[in-house]
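Report on the structure
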Amino acid sequence: MSKPLDIPIWKKAPFIRLLLPLVIGILLQWYVKIPVVTGILGAVCFSTAYSLFLLFSIAIQFKLQSLQAIILNLLIVSVGLLVTWQKDVQHSNSWFGQYYQDNDYLLVRINEPLIEKSKSYKADGYVEAVVHGEQVIKSEGKVLLYFAKDSLQPALKYGDKILLNKNLKRIKNSGNPGAFNYQQYAAFQSTFHNVYLQPKDWILLTDKNINWFRQFLFTSRAAILTVLQKNIPPGKDELGIAEALLIGYTNDLDKDLVQAYSNTGVVHIIAISGMHLALIYGLLVWVFAKIPFINKSKITQVVLILVCLWLFALLTGAAASVLRSAVMFTFIAVGKNLSKQSSIYNSLAGSAFVMLCYNPYFLWDVGFQLSYLAVIGIIIFQKFIYNWFYIKNKLVNEIWKLMAISLAAQVLTFPVCIYYFHQFPNLFLITNIVAVPLSGIILFAEIGLVAFSWISFMGIYIGKIVGWMVLLMNIIVLRVSQVSFAVWDNIPSTVATTWLLYAVVTGIGMWLINKNKSAFRLAIICLFAFVLLQAYANWQIKKQQKIIVYNVPQHQAIDFITGNNYYFLGDSILLQDGVLQNFHLKPARIALQLNVRSDLMHTVFQQQQFYQFANKKILVIDKQIDFEPVQQKIAVDLIIISKNPKLSIAQIANVFNCDQYIFDASNSLWKIGQWQKDCKALHLNYYSIPAEGAYICDIGM
């Protein structure tokens, strides 16, 4: 009997061959910044060359198919260059940043309902015109608006227009080591400026600009939230999880509870993802198959399913992971209607290709990456893992099937999770066994609640059931997260180690599934390289000596670092394991592998406001100090000024001979501005933390 022909995956899934050059083009444009003219010339030349091949005979095309493939790949690379260049709004002649200058007026449309923050209201604004003197320049572009809470009389709504006169600020990163790159994240949303507005800074205009479909989405979303808030029993944690689970509304989520879900490996439940779309898709298929007249027409069923699926995706905010699932299910639904069983790999690659053509910046979206990696991991490894055991009992078998899916999803996602979040949930199997099916039941119950809330008694009883189930899920997650070994935290990771981990996982996977010995050897080599890289990094860390003045708004935070040890000088609230520490300080300590905080370090010597660290002399001024005149100036390397002390730079300069003045983020901006003027007048070196980011002094090794 002849051996069945093994068709390569790229033959069964041609979209994979189109996706790879598109990704290469996107990466080239983002990192190399290739001129648009080059991209256009490439697209024209390669498309012309490819078209000429179609004029040749089949025999010649067959002989030159390798050259034809190369030209096609180069054409798609050019397409990747162009879509990435075009997506950057800064290249548009109508972008307001091309014309805006300080003191100009801006005509801005409120582009979404306002979101309440602790000290302000936040909204996306869309600039429609720049008013420069008497000239009105029509323009476009996003700006992030923050309104002081006492400024909303009357309350602003979607579609309102305001005229503002407040200088915009460029969105910048904090500069703290290892910190989230918010500037890049905002740029991927086509947002480069923000502004904080007091009542005097803006005027509400009578004119409005409302898109009926966006208004419909916002109104529907608000109506769903009202139903949930009205019928789910009081309890912020239960309501917050229910809102996030159904439509991805996260404003009412408790941060500690979210951390518990993350620590136990089930945060995907409250971040709308492919799992939600799969449940909704299955429900829609079942419902429309039961409705008379509709069940007789496949085309009608497909249209209605896709309309409902996309409406749900848009109501949840259209995150990258949700759009990926919506596009993929669109491919699947249309493929089934055409009676064609296409490869799941082709559907995945096709959906990724479409999404990246629409928005190439999805390539950097964490949800986009994790979503595809999880699905690919399940497709490749789930059956292999499930076949490890044969289980007769149906209930136990279903539990094992769910565990196999969870394990398969983790195989390809854990390196990315470690890179972005620096932790691994050790007990993810336990929580997923309970939380995944329970969250599915809750989701269907919430859909029922929204559908039947107009019947008073049904809304009340379904709301109570939803509240109880969410409470049960929260209790389980919190109990598991409290186990001492629930999470492996503070894992250092770099781009290089992440790629090496993927090489190890891929090699071992090919060896186990396909018995490929070459892949196993490659995995061993990459594992050895991974260990060497980690060992070298640890050796470098052991020798490091740094001073870091962090950029923490309204707070003083300084680390003196020797090896893995650090001495912290700053506000006591930053010693607590809370949002401030986790957001501003923890990423740096993970990146630098700082795991021992010491109140006494042999390398740090303190006498009142003076510190000696290695060969650096530091003066920290965080209160008013009167300096007596001296005959000979005192030499110091750094003077760090914190907490708005009353002082004169000139008076300090008469006493100290300082290499660098540092104004940290605990000072008010107007005081820093005054000190900067004084430093310029006296020709002194200065560094403003709020303006330039964290100050890092690398003393050496």
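Parameters and conventions
- Residues numbered from 1 in each chain as written.
- Predicted model: local features only at pLDDT ≥ 70, side-chain atom pairs only at ≥ 80, totals over all residues.
- Heavy atoms only, no water.
- Helix = DSSP H or I, 4+ residues; strand = E, 2+ residues; numbered from the N terminus.
- Rg over C-alpha atoms; globule rule 2.2 N^0.38 Å.
- Buried < 20%, exposed > 50% of the residue type's maximum accessible area, 1.4 Å probe, protein only.
- Contact = heavy atoms within 4.5 Å.
- Lys, Arg positive; Asp, Glu negative; His and termini not counted.
- Charge placed at Lys NZ, Arg CZ, Asp CG, Glu CD.
- Disulfide = S-S within 2.5 Å.
- Pairing = 2+ DSSP bridges.
- pLDDT = per-residue confidence, 0-100.
- Patch = residues over 30% accessible without salt bridge, like charges linked within 9 Å, V, L, I, M, F, W, Y side chains within 5 Å.
- Areas by Shrake-Rupley, 256 points an atom, 1.4 Å probe, with all protein chains shown as cover.
- Salt bridge = Lys/Arg side-chain N within 4 Å of Asp/Glu carboxyl O.
- Axes fitted to C-alpha atoms, helices over the stretch in contact; angles between N-to-C directions.
- Polar contact = N/O pair within 3.5 Å; in protein donor to acceptor, adjacent residues only side chain to side chain.
- 1 Å grid on protein atoms, 1.4 Å probe; cavity = no way out; pocket = protein on both sides within 12 Å on 5 of 7 lines; lining within 4 Å.
- Points joined across faces, edges and corners; volume = space filled by probe spheres on them.
- Nonpolar A, V, L, I, M, F, W, Y, C, P; charged D, E, K, R; others polar.
- Phe/Tyr/Trp six-rings, centres within 6.5 Å; stacked < 30°, edge-to-face > 60°.
- Lys NZ or Arg CZ within 6 Å of the ring centre and 35° of its normal.
- Parallel < 35°, antiparallel > 145°, perpendicular 65-115°, else oblique.
- Left-handed = near helix turned anticlockwise from the far one by under 90°.
- Core = buried A, V, L, I, M, F, W, Y, C linked by side-chain atoms within 4.5 Å.

Quick look at the overall build of the protein chain
Regarding its fold elements, the protein chain presents 23 helices and 22 strands. Taking 2.2 N^0.38 as the reference for a compact globule, 701 residues should give roughly 27 Å; the C-alpha atoms of the protein chain span a radius of gyration of 29 Å, in line with that estimate. Principal-axis analysis of the C-alpha atoms gives the protein chain an extent of 100 × 70 × 65 Å. Here the protein chain holds 701 residues, and 45% of them are scored as buried. Sequence separation of 24 or more characterises 66% of the internal contacts of the protein chain that already satisfy a separation of 6 or more. Averaging the locations of the 57 positively and 37 negatively charged side chains of the protein chain gives two centres separated by 13 Å.

Comments concerning the state of the cysteines
Scanning the entire structure with this criterion turns up zero disulfides. We note that Cys679 lacks a disulfide partner, and the nearest cysteine sulfur, in Cys658, lies 8.9 Å from it. We note that Cys697 lacks a disulfide partner, and the nearest cysteine sulfur, in Cys658, lies 11 Å from it.

Details of the sheet that holds strand E14 (residues 565-570)
A sheet is described by the order of its strands in space; here five strands give the open sequence E15-E14-E13-E12-E22, paired in mixed fashion. For this open sheet the edge positions go to strand E15 (596-597) and strand E22 (695-698), each flanked by a neighbour on one side alone. Bridge count between strand E12 (residues 545-549) and E22: four bridges; the pairing is antiparallel. Among the inter-strand pairings, Ile547 is bridged to a residue of E22, identified as Cys697.

Thoughts on the confidence of the model for the protein chain
Reading fine detail from the predicted coordinates is not recommended where pLDDT is low. On average, the protein chain scores 87 in pLDDT, and the residues at 70 or more come to 96%. Contacts of residues 1-5 to residues separated by more than four positions or lying in other chains number zero contacts, the stretch itself having pLDDT below 50.

Describing a nonpolar patch on the surface
Together, Leu52, Leu55, Phe56, Ile60, Leu64 and Leu67 make up an exposed nonpolar region whose accessible area comes to about 550 Å². Its place among the elements puts Leu55 in the loop between helix H3 (36-53) and helix H4 (58-63). Leu55 gets classed as exposed once you look at its relative accessible area, which sits at 69%.

Points about the sheet that holds strand E21 (residues 686-688)
Within the open sheet, the six strands sit side by side as E16-E17-E18-E19-E20-E21. Their pairing is mixed. This sheet does not close on itself; its edge strands, each paired only once, are strand E16 (604-607) and E21. Shown here is a sheet whose adjacent strand axes are inclined to one another by a mean of 25°, direction ignored. For strand E19 (residues 634-641) and strand E20 (residues 656-663), the ladder comprises seven bridges, and the chain directions are parallel. Bridge pairing in E20 links Val636 to Cys658. Sheet strands touched by helix H22 (residues 669-682): E19, E20 and E21. Its angle to E21, the strand with the most contacts, is close to 160°.

A word on the side chain of Gln609
Relative to the elements of secondary structure, Gln609 occurs in the loop between E16 and strand E17 (610-613). Separated by 3.4 Å, the side chains of Gln609 and Asp622 make a polar contact. Those residues in contact with Gln609 that sit more than four places away from it in its chain are Ile618, Leu619, Val620, Ile621, Asp622, Lys623 and Ile625.

With respect to the layout of surface pockets
Each pocket or cavity is described by its volume, and for the second largest pocket that value is around 460 Å³. Lining the second largest pocket are 18 residues, and of these Ile224, Phe312, Leu315, Ile447 and Val450 lie nearest its centre. When residues of the lining of the second largest pocket are traced back to their parent elements, those giving at least two are helix H7 (212-231), helix H8 (236-247), helix H10 (274-290), helix H11 (298-315) and helix H16 (428-452). Of all the elements, H16 adds the most residues to the lining of the second largest pocket, at six residues. Partitioned by chemical class, the residues of the lining of the second largest pocket number 15 nonpolar, two polar and one charged.

Some remarks on a negative patch on the surface
Together, Asp237, Asp254, Asp256 and Asp577 make up a negatively charged patch on the protein surface. The topology assignment puts Asp256 in helix H9 (residues 255-263). Residue class for Asp256 comes out exposed when judged on its relative accessible area of 60%.

So, the packing of aromatic side chains
Going through the model one piece at a time under the given rule, you end up with 35 aromatic pairs. An angle of 75° between the planes, with centres 6.5 Å apart, marks the rings of Phe96 and Tyr100 as edge-to-face. Members of the aromatic cluster, joined through ring pairs, are Trp30, Tyr31, Phe188, Tyr361 and Trp364. Over the face of the ring belonging to Tyr358 we find Lys87, whose NZ or CZ atom lies 5.4 Å from the ring centre. Across the ring face of Tyr121, the terminal group of Lys149 is positioned such that the distance to the ring centre comes to 5.8 Å.

So, the packing of helix H14 (residues 366-386) against helix H15 (residues 394-421)
Contact geometry for H14 and H15: axes closest at 8 Å, N-to-C directions at 140°. Looking at the two axes, H14 sits oblique to H15. Of the two possible hands of crossing, H14 and H15 adopt the one that is right-handed. Of the residues belonging to the contact of H14 with H15, the class tally is 21 nonpolar, five polar and one charged.

A closer look at the pairing of strand E1 (residues 105-110)
Within E1, five of the six residues are buried, which leaves it mostly tucked inside the rest of the structure. Pairing analysis gives six bridges linking E1 to strand E3 (residues 120-132), with the strands arranged antiparallel. The residue of E3 that forms the bridge with Ile110 is Gly125.

With respect to the packing of H9 against helix H17 (residues 456-481)
Viewed as axis vectors pointing N to C, H9 and H17 meet at an angle of 70°, and their least axial separation amounts to 9 Å. Between H9 and H17, the interaxial angle falls into the category roughly perpendicular. Considering the relative orientation of H9 and H17, their crossing is left-handed. Residues Leu257, Ala260 and Tyr261 of H9 form the contact with H17, whose participating residues are Met473, Asn474, Val477, Leu478 and Ser481.

Considering unusual backbone geometry
The residue Asn103 is not glycine, and still its phi comes out positive at about 75°. Topologically, Asn103 is positioned in the loop between helix H5 (65-87) and E1. Phi is positive for His422, which is not a glycine, with a value near 55°. Topologically, His422 is positioned in the loop between H15 and strand E10 (424-425).

Quick word on the nonpolar core
With 54 residues, the main nonpolar core has Ile241, Tyr261, Ile269, Ile442, Val466 and Met473 as its most contacted residues. When residues of this core are traced back to their parent elements, those giving at least two are H7, H8, H9, H10, H11, helix H12 (320-337), H16 and H17. What Ile442 contacts, discounting residues up to four positions off in sequence, is Leu245, Val466, Met469, Val470 and Met473.

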